[in-house]
Each structure stands twice: as C-alpha cells, then as structure tokens.
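The residues making up each chain are set out below.
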Amino acid sequence: MSAQAKEMEIQEQEMVPEETERTRECRCFVPRADIYEVGENISVVMDMPGIEENAIEITLEKNVLNVKGYLQVKAHSGLAQTWSEYEAGDYERSFRISDQIDQTKIEAVYRDGVLRLTLPKAEEAKARKIAVKVG
Amino acid sequence: MYRRYRTPSLWHEMNRLQRDMNRLFGENEQERRTAPSFPAINIWANEESALVTAEIPGVAKDALELNVTGDTLEISGERAPDDLPEDARYHRRERTYGKFNRSIQLPYSVDVNKVKATFKNGVLEINLPRVEAEKPKKIAVKAM
C-alpha cells in the first residue's frame, strides 16, 4: 500500500487455443496466474472473475494441474450493450507441476474472483535431495 | 467517452471482430497509448437506466470507491500484492497490482440516490437510473 504504487493497466484477454470446437457458446480465456513457492507449498493464484465457486473444476492427474471455471451467462434484459471492453467467458488453464504433490492436501479458496490453490509437496518429493559424491 | 444510445447487436459483433483482428495482427503503439485505464468496463443501457460492469478480481469490497456526480462515474481503488514471506520464490508472475482510477461519462445524468452497486466474485455491477426529469416522455399529438 505504498504511495508510489504502480498504476494498474488493463491486461489483454488471452483466449485458450482451440483444437476442437467447444460445445459451450461463450469464449474461453486463459486466466492470469501467479505461481510461487513458500517452504513446502506451491501456491497458484489465478484471476477468474465472474465465476461461482461451485462452477470451478480442479484436477491433478499425472502432474498436470488443470483448472476450469464455467461462467453462468447473465442476461441483462431490457438493456442493450452500448460499450464493450471485455468479454466474460469460461476459464481454462493447465500447468505441469514438476514436484510430487500430496493430492489429498490440496486446498482451494475462491474469493473476490481470485482462485488460490495451495499444493503441498508430497513426503517423497521433500526427501529427494541427493548428495553428489566426488568419484 | 464515445456515446451511443441504442446500438444494434451487430455493432457489438463488429467491435468484437475488430478487436480480434487487432489482437491477431498485434496491437500497434497508437492503440496502446489510447488504451483506457483499468478496469475494463462494459455498459448496458436503455432510456431509463444504465448498467456498468467491471472485472476487478482480487480487490476487497471495502477497497473500492465509487463516486457519481451528474453524468460521471468514477471507480477507484487499489489491488494490493500478496503479502509473502521473504523466502518465497516466484515461478510465474502475470497478475498486476497497484492503484486504479477511472472516470466514465454516461449518456445521461444519474439519479445519485438510486444508484445501486454490487460486487460479487470480482465483478462490479453498478445500476445507474436516469434522472426522472430527463427521461423521455411520450407527447400526444392533438388533432386541431
């Protein structure tokens, strides 16, 4: 909250590249993400505004973390759109996680349009450091 | 701000196409300079009221400030960065933080007392009813 805080800018909406057509009519965007590691946890923070928390699907399979968010399209009856700078849509993004993750301890919190995932490293991953001996 | 009262949906489609084309061919410098400030907004309107929506994820409700004067709406606030311990290591950093302030000129004067705003799941929705006196009135044509 410093006084010299940077002025925020609008970030371009990035579309998910499609190989096959989607069955849902709305567009699908790549959510902006921050990923950081604190101690034994990996945190993934994603901006997914406009999604209900029960419309988020998170899967972790073979080290690939996949997050999907489905938009409930809202109609503004009796109003015509006169100005448009962004489009609401679904979200989808996948990450390959290099560390072993303890699947049972993954935590997900969705608040104010931001999804925060905490992925704790699995026990075997923690102990994987191998000392290299001089031969 | 560009004003338009009722627009056929075709225009929306055209705008969308144009934006897509710009994105496809890379944004030019000119466009960058004229880019509106954060947050991106959408406006829906009819003769009686306007609805402004904005995606502002990661900002607490209390950190948002709305001001309406006459036909101008001002949205300001700040998105604070995550408070991380020193040993945190970033793998990826795509989300931006900082202050924002945006003024929007609406197509008509707003009845300030009737403005309603909701903020849910990172989406701000502001309902701005038009001042009663300015609403269009049907005028009966009398036969002479």
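A quick note: this is a predicted structure, and the numbers were derived from the prediction, not measured.

1. Quick notes on the sheet that holds strand β6 (residues 98-105) of chain B
All names here are of chain B.
- Strands sit in the order β3-β4-β6 across an open sheet of 3 strands; the sheet is antiparallel. Whereas interior strands pair on both sides, the edge strands pair on one side only; in this sheet they are β3 (64-69) and β6. Strand-to-strand twist of the sheet, defined as the mean angle between neighbouring strand axes without regard to direction, takes the value 10 degrees.
- Looking at chain direction, strand β4 (residues 72-79) and β6 are connected through 8 bridges and run antiparallel. By the bridge assignment, Glu78 is partnered in β6 with Lys99.

2. Quick notes on the interface of chain B and chain A
- Between chain B and chain A, the contact holds 60 residues from the first and 51 residues from the second.
- Taken together, both faces of the contact between chain B and chain A bury some 5,200 Å²; the carbon and sulfur share is 48%.
- Together, Glu55(B), Arg95(B) and Asn121(B) form the three largest contributors to the area buried by chain B at its contact with chain A, with a combined 13%.
- The interface formed by chain B and chain A contains 9 salt bridges.
- In this structure, Arg79(B) and Asp47(A) form a salt bridge, with 3.1 Å as the shortest nitrogen-oxygen distance.
- Secondary structure elements with two or more residues in the side of chain B that touches chain A: α1 (9-24), β1 (41-45), β2 (49-55), β4, β5 (89-93), β6, β7 (116-120) and β8 (123-129) of chain B.
- Residues that form the side of chain B that touches chain A fall into these classes: 26 nonpolar, 14 polar and 20 charged.
- Across 4 bridges, the pairing between strand β2 (residues 33-38) of chain A and β5(B) is antiparallel. By the bridge assignment for β5(B), Ile35(A) is matched with Arg92(B).

3. Things to note about the nonpolar core
- Judged by nonpolar contacts, the single largest core of 22 residues is most densely connected at Val44(A), Met48(A), Ile51(A), Leu65(A), Val67(A), Phe95(A) and Ile97(A).
- Of all the secondary structure elements, the ones that give two or more residues to this core are β2, β3 (41-47), β4 (51-61), β5 (64-71), β7 (90-96) and β9 (114-120) of chain A.
- When residues of this core are assigned to their parent elements, the largest contribution, 4 residues, is made by β4(A).
- Non-local contacts of Met48(A), meaning those with residues more than four positions away in its chain, are made with Pro31(A), Val67(A), Lys68(A), Gly69(A), Tyr91(A), Tyr110(A), Gly113(A) and Leu115(A).
- Membership of the second largest hydrophobic core comes to 20 residues, among which are Met8(A), Ile41(B), Ile43(B) and Ile126(B).

Calculation notes
- Numbering of residues starts from 1 in each chain and follows the order in which that chain's sequence is written.
- As they are written, the chains are lettered A onward and the ligands numbered 1 onward, keeping that order.
- Per-residue local features of the predicted model are confined to residues with pLDDT of at least 70, and side-chain atom pairs are confined, for both listing and counting, to 80 or more; whole-chain, interface and lining totals are unaffected and use all residues.
- With hydrogens and water stripped out, all remaining heavy atoms of the structure feed into the side-chain values.
- Should DSSP find at least two bridges between two strands, the strands are regarded as paired.
- By definition, any uninterrupted DSSP run of H or I lasting at least four residues is a helix, any uninterrupted run of E lasting at least two residues is a strand, and each is numbered from the N terminus.
- In this analysis an axis means a line fitted to C-alpha atoms, helices contributing only their contacting stretch, and an angle means the value between N-to-C directions, from 0 to 180 degrees.
- Whether two residues touch is decided by their heavy atoms; if any such pair falls within 4.5 Å, the residues are in contact.
- Two parts placed together each lose some accessible area under a 1.4 Å probe, and the buried area is that loss summed for both.
- Put simply, a salt bridge is a Lys or Arg side-chain nitrogen that is within 4 Å of an Asp or Glu carboxyl oxygen.
- Just so you know the grouping, Ala, Val, Leu, Ile, Met, Phe, Trp, Tyr, Cys and Pro go in nonpolar, Asp, Glu, Lys and Arg go in charged, and all remaining residues, Gly too, go in polar.
- Put simply, buried Ala, Val, Leu, Ile, Met, Phe, Trp, Tyr and Cys residues joined by side-chain atoms within 4.5 Å make one nonpolar core.
- Only protein chains enter the calculation, and the probe is 1.4 Å; a residue is then buried if its accessible area is under 20% of its type maximum, exposed if over 50%, and partly exposed in between.

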